[in-house]
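# Working through the structure, step by step
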Amino acid sequence: MVILGLVFGSFVNVVIYRLPKGKSIVSPGSRCPRCDKDISWYDNIPLVSFLLLKGRCRYCKVKISSRYFVVELITGLIFLALYMKFGLTANLPIYILFFLSLLIMSFIDIDTYLISDVIVLPGIVLGVILSSAFPGMHYNLTKMGSFIYSIVGMLVGGGILVFLAIIGKLLFKKEAMGGGDIKLLAMIGAFLGWKCVFISIFFASLLGTVISFILIGLKKKKIDDYVPFGPYLGLGAVVSLFYKGMYFLGFFIN
Ligand SMILES: [Zn+2]
């Protein structure tokens with residue numbers, strides 16, 4: 001499972017790098033961004049190659065961002081965690097897909113300050129379709145019930161940020177939330193249901209505050225820097241995913 005995750009992590013890196021540039025994600029094969037030499041399969045083994053080459057290109061020795069390594073590692077570990085949580089059920093590939101789209105969305109948001117419609121719009125539709133086909137995603141409701149649960153989740157997710165955006169505009173006279181965050185939370189609601197929407201926002205705010213303070217402390221960020229909220233919502237959604245079938249603050253989550 002970890003190895004499968006590493007392979008997917010490698011693919012995620014390619015998507016993060018190429019999708020915002022509008023390049024094909026299937027061809028050509030990987031190339032060094034500086035010397036443009038093709039990277040052979042033996043230099044493209046997740047985690048291992050990075051360590052063996054000490055994070056540098058074999059030919060021109062340019063430093064390769066350690067982010068490639070981190071993304072592969074995270075993907076490997078989350079694959080394992082999801083497998084331990086959901087076992088070999090229909091939910092496993094569904095939540096893997098969900099996690100991968102959140103991961104890709106997060107890093108593209110960090111790079112470009114944009115939440116990619118190419119990911120969240122199909123994500124919303126897919127969340128609703130999968131919920132209708134696999135009621136195991138929500139309490140084992142009937143297919144109709146699961147479909148409605150997903151739609152409600154989508155509306156709550158999208159609606160709550162629209163609501164906050166209006167309040168924010170009235171109170172502070174400035175845009176607090178981007179349209180991308182609204183679509184992202186609608187996707188989270190469609191996949192996980194309305195309860196997880198609230199848990200996602202809770203953990204996104206909590207982790208957002210903690211991580212921002214750490215980054216400011218490390219002088220990596222200034223207090224008035226723009227902070228993309230998408231990655232924190234993604235992080236919150238992944239945390240809330242693990243609350244499925246468990247109690248959170250006395251409420252049963254599913
Ligand atoms: Zn090179």
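Residues numbered from 1 in each chain as written. Predicted model: local features only at pLDDT ≥ 70, side-chain atom pairs only at ≥ 80, totals over all residues.

Below, the discussion takes up the overall build of the chain. Helix and strand counts for the chain come out as nine helices and two strands. Ordered by position in the sequence, the α and β elements of the chain form the string α-α-α-α-α-α-α-α-α-β-β. Scaling as 2.2 N^0.38, a compact globule of 254 residues should have a C-alpha radius of gyration of about 18 Å, and the chain matches this with 19 Å. Referenced to the eigenvectors of the C-alpha coordinate spread, the extents of the chain come out at roughly 55 × 45 × 30 Å. Looking at the chain as a whole, 37% of its 254 residues qualify as buried. (Helix = DSSP H or I, 4+ residues; strand = E, 2+ residues; numbered from the N terminus. Rg over C-alpha atoms; globule rule 2.2 N^0.38 Å. Buried ≥ 20, exposed ≤ 12 C-beta atoms within 10 Å, placed from the backbone.)

To continue, consider the domain arrangement of the chain. For the chain, the assigned domains read domain 1 (1–87) and domain 2 (89–254). On a C-alpha basis, the centroid separation for the pair domain 1 and domain 2 is 25 Å. On the domain 2 side, the residues contacting the 14 residues of domain 1 number 16 residues. For the side of domain 1 that touches domain 2, the elements supplying multiple residues, two or more each, are helix 1 (2–18) and helix 3 (67–86). No other element matches the seven residues that helix 3 contributes to the side of domain 1 that touches domain 2. For the side of domain 1 that touches domain 2, the class distribution of residues is eleven nonpolar, two polar and one charged. (Domains from an automatic or database assignment. Contact = placed C-beta atoms within 7 Å. Nonpolar A, V, L, I, M, F, W, Y, C, P; charged D, E, K, R; others polar.)

Turning to the nonpolar core, a few remarks are in order. If you look at the biggest cluster of nonpolar residues, it comprises 54 residues, and the most contacted ones within it are Phe-99, Ile-104 and Ile-188. Mapped by element, the contributors of at least two residues to this core are helix 1, helix 3, helix 4 (91–112), helix 5 (117–133), helix 6 (143–172), helix 7 (179–192), helix 8 (194–217) and helix 9 (230–241). Residues from two domains meet in this core; each of domain 1 (1–87) and domain 2 (89–254) gives at least three. Setting aside chain neighbours within four positions, we find Ile-104 in contact with Val-12, Val-15, Ile-16 and Ile-119. (Core = buried A, V, L, I, M, F, W, Y, C linked by C-beta atoms within 7 Å.)

A few words now on helix 9. Its twelve residues give helix 9 an end-to-end C-alpha distance of 16 Å, which sits within 8% of 16 Å, the value for a rise of 1.5 Å per residue. Helix 9 sits mainly inside the fold: eleven of its twelve residues count as buried. Considered for burial, the residues of helix 9 that qualify are Gly-230, Pro-231, Tyr-232, Leu-233, Gly-234, Leu-235, Gly-236, Ala-237, Val-238, Ser-240 and Leu-241. (Expected span 1.5 Å × (residues − 1).)

Right, let's talk about the environment of Tyr-139 for a bit. Its place among the elements puts Tyr-139 in the loop between helix 5 and helix 6. According to the C-beta neighbour criterion, Tyr-139 is partly exposed, with 14 such atoms within 10 Å. C-alpha separation for the pair Tyr-139 and Leu-73, spaced 66 residues apart in sequence, amounts to 31 Å.

Moving on, we get to helix 7. For the α-helix, the turn length of 3.6 residues means that residues three or four positions removed from each other point alike. With 14 residues, helix 7 extends 20 Å between its outermost C-alpha atoms, agreeing within 8% with the 20 Å of an ideal straight helix rising 1.5 Å per residue. Helix 7 sits mainly inside the fold: 13 of its 14 residues count as buried.

Moving on, we come to the environment of Arg-58. Structurally, Arg-58 can be placed in the loop between helix 2 (48–52) and helix 3. The class of Arg-58 is partly exposed, set by 15 C-beta atoms lying within 10 Å. Note: C-alpha distance between Arg-58 and Asp-43 (15 residues apart in sequence) is 8.1 Å. Ignoring sequence-local partners within four residues, the contact set of Arg-58 consists of Asp-43 and Leu-53.

Before going further, it helps to spend a moment on the packing of helix 5 against helix 7. Look at helix 5 against helix 7: their axes get within 8 Å of each other, and the N-to-C directions meet at 15°. Comparing the axis directions of helix 5 and helix 7 gives the class roughly parallel. Remark: the crossing between helix 5 and helix 7 carries left-handed chirality. Residues Val-120, Leu-121, Gly-123, Ile-124, Gly-127, Val-128 and Ser-131 of helix 5 form the contact with helix 7, whose participating residues are Lys-183, Leu-184, Ala-186, Met-187, Ala-190 and Phe-191. A per-class count over the contact of helix 5 with helix 7 returns nine nonpolar, three polar and one charged. (Axes fitted to C-alpha atoms, helices over the stretch in contact; angles between N-to-C directions. Parallel < 35°, antiparallel > 145°, perpendicular 65-115°, else oblique. Left-handed = near helix turned anticlockwise from the far one by under 90°.)

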